[in-house]
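Listed below, chain by chain, are the residues.
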Amino acid sequence: MHKIASALTIAGTDPTGGAGIQADLKVFQEREVYGMSVITSVVAQNTEGVQDVQHLTVDFIEKQLDAVLTDIPPQAIKTGMIATVEMMELIAKKLKNSTIPYVIDPVMVAKSGHSLMDKTSREVIRQTLIPLATVVTPNVPEAEILVGFDIQTNDDAEKAAKLIVDELGAQAAIVKGGHLTGEAIDVLYDGNELYYFQSERFNTKHTHGTGCTFSAAITAELAKGKSVKDAVELGKAYITKAIEYPLELGKGNGPTNHWGYRLEGLPAQKEIVDK
Ligand SMILES: Nc1ncnc2c1ncn2[C@@H]1O[C@H](COP(=O)(O)OP(=O)(O)OP(=O)(O)O)[C@@H](O)[C@H]1O
Ligand SMILES: Cc1ncc(COP(=O)(O)O)c(N)n1
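Criteria and thresholds
Residues numbered from 1 in each chain as written. Chains lettered and ligands numbered in written order. Predicted model: local features only at pLDDT ≥ 70, side-chain atom pairs only at ≥ 80, totals over all residues. Heavy atoms only, no water. UniProt positions renumbered as here; feature names shortened; annotations may be inferred. pLDDT = per-residue confidence, 0-100. Salt bridge = Lys/Arg side-chain N within 4 Å of Asp/Glu carboxyl O. Helix = DSSP H or I, 4+ residues; strand = E, 2+ residues; numbered from the N terminus. Axes fitted to C-alpha atoms, helices over the stretch in contact; angles between N-to-C directions. Parallel < 35°, antiparallel > 145°, perpendicular 65-115°, else oblique. Left-handed = near helix turned anticlockwise from the far one by under 90°. Contact = heavy atoms within 4.5 Å. Nonpolar A, V, L, I, M, F, W, Y, C, P; charged D, E, K, R; others polar. Pairing = 2+ DSSP bridges. Expected span 1.5 Å × (residues − 1). Buried < 20%, exposed > 50% of the residue type's maximum accessible area, 1.4 Å probe, protein only. Near = heavy atom within 4 Å. Polar contact = N/O pair within 3.5 Å; in protein donor to acceptor, adjacent residues only side chain to side chain. Areas by Shrake-Rupley, 256 points an atom, 1.4 Å probe, with all protein chains shown as cover.

The protein chain appears in an unreviewed UniProt entry as Hydroxymethylpyrimidine/phosphomethylpyrimidine kinase from Gracilibacillus salinarum. Recorded in UniProt under Sequence similarities (unreviewed entry), the annotation for the protein chain is "Belongs to the ThiD family."

Written out as structure tokens, the structure reads:
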């Protein structure tokens with residue numbers, strides 16, 4: 001029998017497949033974990049922006065969660081778009097006593113500028129979900145909301161990552177540098193050490209769903225038993241190649257390329273090849 005780790009994404013949808021649940025499942029498949037999904041909100045969106053959103057009821061989200069968790073317990077879980085306080089409270093209740101690695105991508109605003117989380121929820125996520133996280137993956141605007149100060153430099157990103165761990169209670173936090181200038185530098189704090197993950201910044205408009213892709217790749221590696229640092233290293237390699245080799249799809253900000261990394265491999269795979 002073929003044994004495989006499984007991972008669950010709890011998030012909103014993107015019918016054009018670039019962000020949310022659809023992006024996450026593509027990453028899980030590519031990284032060879034069995035992908036499962038619980039939908040929180042159905043989003044009418046494409047590479048040009050968000051047209052409309054319908055939230056599922058908390059009752060129905062709970063039914064989906066129970067269907068998965070009582071049948072195929074995942075080895076790692078990620079949450080993306082969790083729009084309302086009631087949804088956050090439900091997920092907190094379900095994951096409170098869990099030991100399953102849990103990645104939070106605190107999706108607040110889509111790249112197109114459309115809000116994907118209501119204002120009260122931005123406060124509540126700090127108290128309900130962040131303390132349960134194995135790793136939180138905010139971009140700069142999201143990290144600024146979580147920590148309450150401006151982030152312009154790597155020093156600011158370090159301070160923010162530390163605050164999310166030391167004061168908000170996550171086990172680790174990585175503040176992503178996609179919204180800054182210069183090299184694309186992400187700063188990870190795992191409660192002990194700070195690590196920098198750096199890549200060239202590619203001059204491309206095809207960055208729809210980069211955060212979803214990155215956090216799903218980290219989740220897939222955690223499901224396979226990797227440490228947070230190793231999972232982030234592989235996740236960074238995956239997202240870098242997914243941005244470097246764009247697919248040129250859509251009229252707006254196109255999706256990431258989930259086959260990009262196959263052109264050059266990921267660090268761990270290169271090591272295996274070298275041996
Ligand atoms: N132009 C770029 N070139 C290289 N790496 C990039 C670029 N833009 C973003 N990244 C990297 O992509 C990852 C995701 O970061 P980003 O800040 O874009 O997330 P995000 O804003 O949450 O994404 P999204 O909201 O689109 O899902 C990080 O590792 C970041 O460094
Ligand atoms: C369902 C869902 N989740 C997350 C994002 C963020 O991605 P982006 O900021 O690239 O639009 C999105 N657009 N839709």
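Here the narrative resumes, following the displayed structure.
**Quick notes on the confidence of the model for the protein chain**
For the protein chain, the mean per-residue pLDDT works out to 94, and 97% of the residues sit at or above 70. As scored by the predictor, the complex reaches a pTM of 0.96 and an ipTM of 0.96.

**Comments concerning the pattern of salt bridges**
Per the stated rule, a full pass over the model turns up 12 salt bridges. Residue glutamate 244 is joined to lysine 241 by a salt bridge in which the shortest nitrogen-to-oxygen separation is 2.8 Å. Of this pair, glutamate 244 and lysine 241 both sit in helix α8 (residues 228-244), three residues apart, which is roughly one turn of that helix. A cluster of three or more residues bridged by salt bridges with shared partners is formed by Arg31, Glu221, Lys224 and Lys226.

**Thoughts on the packing of helix α7 (residues 210-223) against α8**
Remark: α7 packs on α8, axes separated minimally by 8 Å, with the N-to-C direction vectors making an angle of 140 degrees. Regarding the angle of α7 to α8, the classification is oblique. Considering only the axes of α7 and α8, their crossing is right-handed. From α7, Thr210, Thr213, Phe214, Ala217, Ile218, Glu221 and Leu222 reach across to α8, where they touch Val228, Ala231, Val232, Leu234, Gly235, Lys236, Tyr238, Ile239 and Ile243. Tallied by class, residues from the contact of α7 with α8 come to 11 nonpolar, three polar and two charged.

**Observations regarding the pairing of strand β4 (residues 49-55)**
Each regular strand shows side chains that alternate between the opposite faces of the sheet. Here six bridges tie strand β3 (residues 41-46) to β4, and the two strands are oriented antiparallel to one another. Following the sheet pairing, valine 42 is matched in β4 by glutamine 54. Between β3 and β4, which follow one another and run antiparallel, lie two residues.

**Quick notes on α7**
Compared with the 20 Å implied by 1.5 Å per residue over 14 residues, the 20 Å span of α7 between its first and last C-alpha is a close match. Across the 14 residues of α7, 14 count as buried, placing the element largely inside the fold. In the segment just after α7, glycine 225 is the residue with positive phi, at about 95 degrees.

**What to know about the site of ligand 1**
Close to ligand 1 lie 19 residues, the nearest being Lys111, Lys176, His179, Asp186 and Gly211. Note that a nitrogen atom of ligand 1 is positioned 2.9 Å from one of the backbone N or O atoms of phenylalanine 202. One of the backbone N or O atoms of glycine 209 is found 3.5 Å from an oxygen atom in ligand 1. Notes on ligand 1: free accessible area 620 Å², of which the protein chains cover 94%.

**Some remarks on the site of ligand 2**
Of all residues adjacent to ligand 2, which total 14 residues, the nearest are Gly12, Gln45, Lys111, His208 and Gly209. Glutamine 45 has a polar side-chain atom sitting 2.9 Å from a nitrogen atom of ligand 2. Contacts to ligand 2 include glycine 209, whose backbone N or O atom sits 2.7 Å from an oxygen atom. When ligand 2 is considered free in solution it has 360 Å² of accessible area, and contact with the protein chains removes 93% of it. When grouped by side-chain class, the residues that make up the shell around ligand 2 number six nonpolar, seven polar and one charged.

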